[in-house]
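# Analysis of the macromolecular model
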Amino acid sequence: MKEEYTLRTIRSGRKTVSIEVKRDGTVVVRAPRAMSDAAVRRILDKRQEWIVTNVQKMRLAHPAPAEDEMLGPSQIRELKEEAQRTLPGKAESFAAKMRVAYGRITVRCQKTRWGSCTAEGNLSFNCLLMLMPEEIVDYVIVHELCHLKEMNHSQRFWREVEKVLPDYRQRQRWLKENGGRYLDRVDRH
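### Considerations on the packing of aromatic side chains
A complete count under the given rule lists 3 aromatic pairs for this structure. When the centroid spacing of 4.8 Å and the interplanar angle of 80° are considered together, the rings of Phe157 and Trp158 count as edge-to-face. Residues Phe157 and Trp158 agree in their burial class; the two are buried. Seen from their ring centres, Trp174 and Tyr182 are 6.1 Å apart, and the 45° between their planes marks the pair as tilted. Exposure remark for Trp174: the relative accessible area of 25% places this residue in the partly exposed category. Three or more aromatic residues joined by ring pairs form one cluster here, namely Phe157, Trp158 and Tyr168. For the cation-ring pair, Arg47 lies above Trp50, with the distance from its terminal atom to the ring centre recorded as 4.8 Å.

### Remarks on the nonpolar core
Counting residues in hydrophobic clusters, the biggest one holds 38 residues, and the most contacted among them are Trp114 and Leu128. Within the residue set of this core, elements represented by two or more residues are helix 3 (73-98), strand 6 (123-126), helix 4 (134-146), helix 5 (155-164) and helix 6 (168-183). Counting 9 residues, the second largest nonpolar core, distinct from the first, contains Ile19, Val21, Val27 and Val29.

### A few points about the sheet that holds strand 5 (residues 115-117)
Pairing in this open sheet of 3 strands is mixed, and the strands run 4-6-5 from one edge to the other. Across the chains shown, the open sheet's two edge strands, defined by having one partner strand only, are strand 4 (105-108) and strand 5. Each neighbouring strand pair of the sheet contributes to a mean axis angle of 15°, computed without reference to strand direction. The pairing of strand 5 with strand 6 spans 3 bridges and is classified as antiparallel. Within strand 6, the residue paired with Ser116 across the bridge is Ser124. Strands in contact with helix 4 are strand 5 and strand 6; relative to strand 6, the strand with the most contacts, it is inclined by about 155°.

### Observations concerning the sheet that holds strand 3 (residues 27-32)
Strand order across the open sheet formed by 3 strands is 1-3-2, with mixed pairing between neighbours. Each having just a single partner strand, strand 1 (7-12) and strand 2 (18-21) make up the two edges of the open sheet. The mean angle between the axes of side-by-side strands here comes to 20°, regardless of whether they run parallel or antiparallel. In terms of strand pairing, strand 1 meets strand 3 through 6 bridges, oriented parallel. Its bridge partner lying in strand 3, Ser12 is registered against Pro32. Helix 1 (residues 37-46) rests against strand 1, strand 2 and strand 3 of the sheet, and its axis sits at about 130° to strand 1. In this fold helix 2 (residues 48-61) packs onto strand 2 and strand 3, with an angle of close to 25° to the strand it touches most, strand 2.

Here is what the cut-offs are and how they apply
Residues numbered from 1 in each chain as written. Predicted model: local features only at pLDDT ≥ 70, side-chain atom pairs only at ≥ 80, totals over all residues. Heavy atoms only, no water. Phe/Tyr/Trp six-rings, centres within 6.5 Å; stacked < 30°, edge-to-face > 60°. Buried < 20%, exposed > 50% of the residue type's maximum accessible area, 1.4 Å probe, protein only. Lys NZ or Arg CZ within 6 Å of the ring centre and 35° of its normal. Core = buried A, V, L, I, M, F, W, Y, C linked by side-chain atoms within 4.5 Å. Helix = DSSP H or I, 4+ residues; strand = E, 2+ residues; numbered from the N terminus. Pairing = 2+ DSSP bridges. Axes fitted to C-alpha atoms, helices over the stretch in contact; angles between N-to-C directions. Contact = heavy atoms within 4.5 Å.

Treat this as a map of the structure, not an account of what it does.
Have a look at this one:
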């Protein structure tokens, strides 16, 4: 039986071909602009077994949410409004404890990130955090605020996180194991 999947090809100035299987089972091929479609097809044919195996794994690990779990534009707007009311106060409280100062806070509905921190000290958070347990929201906020001290994920960075949240590893694990289910509730097509 042949496994059906969606294939997306992205052409760029790169020199090599990469194949990635997304959580929803979509296969993304990145290829050089100059490479012929036939050459890309030959590579895909050689990697077919790997592709099918990984599409099946992703579909099992990340089943598509039920239709009634999907979030529409009005629900996303509500989540953004709730996040804009909730997250700045939480960030302010943690920032005071940590003795750090940040710039602006932006709320978006992001595809892959829960939060980010710019070199200028501006913070961005995913509105889907409003669907998560409070301890996970706190973890994401503390994580981003720690980037104001360490703009990397070095041991020093993780020590800063641990000072505020000694159980951060459990929170991080929960987010890694469960976060995809929340991201999948937004139709990205």
